[in-house]
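Observations on the three-dimensional arrangement
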2 protein chains.
Amino acid sequence: MSRTSYHHGALAEALVDVAVGQVRAQGSERVTLRGVAQAVGVSPSAAYNHFADKDALLTAVALRGQTELDRRIATAAATGGDDDAAAIARLRAIATAYIGFAHDDPNLFRHAFGPHLKHGSSGPHASEAYATLNATLDDLDARGLLRPGLRPGLELVVWSTVHGFAGIALDGLCDWEAGDALLDGMQRSMLTDAALAVA
Amino acid sequence: MSRTSYHHGALAEALVDVAVGQVRAQGSERVTLRGVAQAVGVSPSAAYNHFADKDALLTAVALRGQTELDRRIATAAATGGDDDAAAIARLRAIATAYIGFAHDDPNLFRHAFGPHLKHGSSGPHASEAYATLNATLDDLDARGLLRPGLRPGLELVVWSTVHGFAGIALDGLCDWEAGDALLDGMQRSMLTDAALAVA
DNA sequence: CCCATATCTTGACAGCGTTCATATCGCTCT
DNA sequence: AGAGCGATATGAACGCTGTCAAGATATGGG
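If you're wondering where the values come from, they're calculated on a predicted model, not measured in any experiment.

1. Re the overall build of chain A
Scanning chain A from N- to C-terminus turns up 9 helices and 0 strands. Listing each helix as α and each strand as β along chain A from the N terminus yields α-α-α-α-α-α-α-α-α. Projected onto its principal axes, the C-alpha coordinates of chain A cover approximately 65 × 35 × 25 Å. Counting the 199 residues in chain A, one finds 50% classified as buried. Within chain A, contacts between residues separated by at least 24 positions form 70% of all contacts whose residues are at least 6 apart in sequence. Roughly 9400 Å² of accessible area belongs to chain A as shown, and the carbon and sulfur atoms make up 52% of that amount. A distance of 7 Å separates the average location of the 16 positive side-chain charges in chain A from that of its 23 negative side-chain charges.

Okay, structure coming up:
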């Protein structure tokens, strides 16, 4: 692959890179195949050698968003020590990371979910983040910090709550600042009184 | 206004009607101004006498969706009697109605939230449904069915949970059938043991 | 060294949102 | 009743979009 070559060399990756940037900056609805191609310095139809569709490119962008979210959550879950307070803080950190991604990168977050996921390859629960959440909740339960009988299905409740708040705040239906209060409320409903005293 | 007139008479309403139908059927992304106009039997540019933009028309559609959701929730909240079990059932019915709307009308639900809301006139908390949810939770709290200290901010937690689940199920990330388990989990985390025994 | 193949370009097409000049309707004022 | 005027609809046009077919070009294996 030469320097300034007729062939690009890694067009697919470059296209996704630029597309991610444009989705981030303008929102996925305003992103144009032609615009992405021009930004890469390539003809519009060149993209069709690597993606079947504009939709396919945007699906790749959505996958990047999912990956970024997973990365943030993994980082958040890797903090803290081994005591009860740290276990509680870990759940809080995961939830905060989820909301934080939506807050910091609203357009990419919105695009990471939605219709472009339906073609998605990997299952939902295949996500590493989902496993991390489950492990964190299991840990809390094992420590007796969760109210009795609450563990089964709790991962979906937590996920729904955090995901729903992200969407609501993203739509301007409530302030991001309400996020802390939301997580407080979530913890109050989940944890035992003793755990709340520790937190 | 004559029968088969050059003038339409109520074009704005007719356009929104058809647009709602097309959003329902095809999803808002595939709806075309020209297509809506053609379905109404009118020239594409005729719409611009009533809407500044395609976006303005879609905003009107989004508002219809919000209204429909409000209507469903109002209906759900109007059921049941005056005892504790009915109060609990009322909350459940509201949540089920919310999820049910997303399930029955996925495209309209998805469109009712999202970017087209940012131009929306009425505030979020101005919604009648939000007031209904608050009243229902107040009722539960007054009856002593809510765990102590949980009431403040609980409406946002409940809303987020239900809204988030709707979005997750809509994206195919979990089955709609999990909705019942989700609501079970939510109730278990909110209600006192005595209340759970009644429910 | 040469050719098969993958890659990129050019040019074209249909469909989109939107605008502008023009035509028509229906109401009001005299 | 008739004229005129504002609201409403039309038709043609523009630039932009995604997508495709045909041709040009570079790369890697014989």
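The discussion continues.
2. Topic: the interface of chain B and chain A
Tallying the contact residues gives 31 residues for chain B and 31 residues for chain A. Taking both partners together, chain B and chain A bury about 2800 Å²; carbon and sulfur atoms supply 66% of that area. Where chain B meets chain A, there are 0 salt bridges. Linking chain B with chain A are 5 residue pairs in polar contact (both at pLDDT 80 or more), by the criterion used here. For the side of chain B that touches chain A, the secondary structure elements donating two or more residues are α7 (154-170) and α8 (178-190) of chain B. Looking at the side of chain B that touches chain A element by element, the count peaks at 9 residues for α7(B). Considering only residue class, the side of chain B that touches chain A consists of 16 nonpolar, 10 polar and 5 charged.

3. Describing the environment of A:Ala131
Take A:Ala131: it is sitting in helix α6 (residues 128-142). In the structure, A:Ala131 is positioned 24 residues away from A:Glu155 in sequence and 9.4 Å away in space, judged by C-alpha atoms.

4. Examining the packing of α6(A) against helix α7 (residues 154-170) of chain A
When two helices pack together, their arrangement is given by the angle between the helix axes and the distance between those axes. Residue and element names in this part refer to chain A. At a minimum axis separation of 10 Å, α6 and α7 run at an interaxial angle of 120°. Taken together, the axes of α6 and α7 are oblique relative to one another. When the axes of α6 and α7 are compared, the crossing they make is right-handed. The residues of α7 that touch α6, namely those facing Tyr-130, Leu-133, Asn-134 and Leu-137, are Leu-154, Glu-155, Val-158 and Trp-159.

5. Observations concerning the packing of aromatic side chains
Residue and element names in this part refer to chain A. Going through the model one piece at a time under the given rule, you end up with 12 aromatic pairs over all chains. Seen in terms of ring centroids, Tyr-98 and Phe-113 are 6.5 Å apart; in terms of plane orientation they differ by 40°. Their pairing is tilted. In this pair, Tyr-98 is assigned in helix α4 (residues 84-104) and Phe-113 in the loop between α5 (106-112) and α6, connecting sequence segments 15 residues apart. By relative accessible area, Tyr-98 is classed as buried at 6%. Overall, Phe-113 belongs to the buried group, its relative accessible area being 6%. With centroids separated by 5.2 Å and ring planes inclined at 55°, the aromatic side chains of Phe-109 and Phe-113 adopt a geometry described as tilted.

6. Thoughts on the relation of the copies chain B and chain A
Least-squares fitting of chain B to chain A yields an RMSD of 0.0 Å, with the transformation described by 0.0 Å of translation along the axis and a rotation of 180°. Between the two chains, the operation in question is that of a two-fold axis. Mapped onto chain A, 100% of the interface residues of chain B are again interface residues, and the two copies thus contact each other with one and the same surface.

The rules behind these values
- Residues numbered from 1 in each chain as written.
- Chains lettered and ligands numbered in written order.
- Predicted model: local features only at pLDDT ≥ 70, side-chain atom pairs only at ≥ 80, totals over all residues.
- Heavy atoms only, no water.
- Helix = DSSP H or I, 4+ residues; strand = E, 2+ residues; numbered from the N terminus.
- Buried < 20%, exposed > 50% of the residue type's maximum accessible area, 1.4 Å probe, protein only.
- Contact = heavy atoms within 4.5 Å.
- Areas by Shrake-Rupley, 256 points an atom, 1.4 Å probe, with all protein chains shown as cover.
- Lys, Arg positive; Asp, Glu negative; His and termini not counted.
- Charge placed at Lys NZ, Arg CZ, Asp CG, Glu CD.
- Buried area = accessible area lost by both parts, 1.4 Å probe.
- Salt bridge = Lys/Arg side-chain N within 4 Å of Asp/Glu carboxyl O.
- Polar contact = N/O pair within 3.5 Å; in protein donor to acceptor, adjacent residues only side chain to side chain.
- Nonpolar A, V, L, I, M, F, W, Y, C, P; charged D, E, K, R; others polar.
- Axes fitted to C-alpha atoms, helices over the stretch in contact; angles between N-to-C directions.
- Parallel < 35°, antiparallel > 145°, perpendicular 65-115°, else oblique.
- Left-handed = near helix turned anticlockwise from the far one by under 90°.
- Phe/Tyr/Trp six-rings, centres within 6.5 Å; stacked < 30°, edge-to-face > 60°.
- Least-squares fit on C-alpha atoms with pLDDT ≥ 70 in both.

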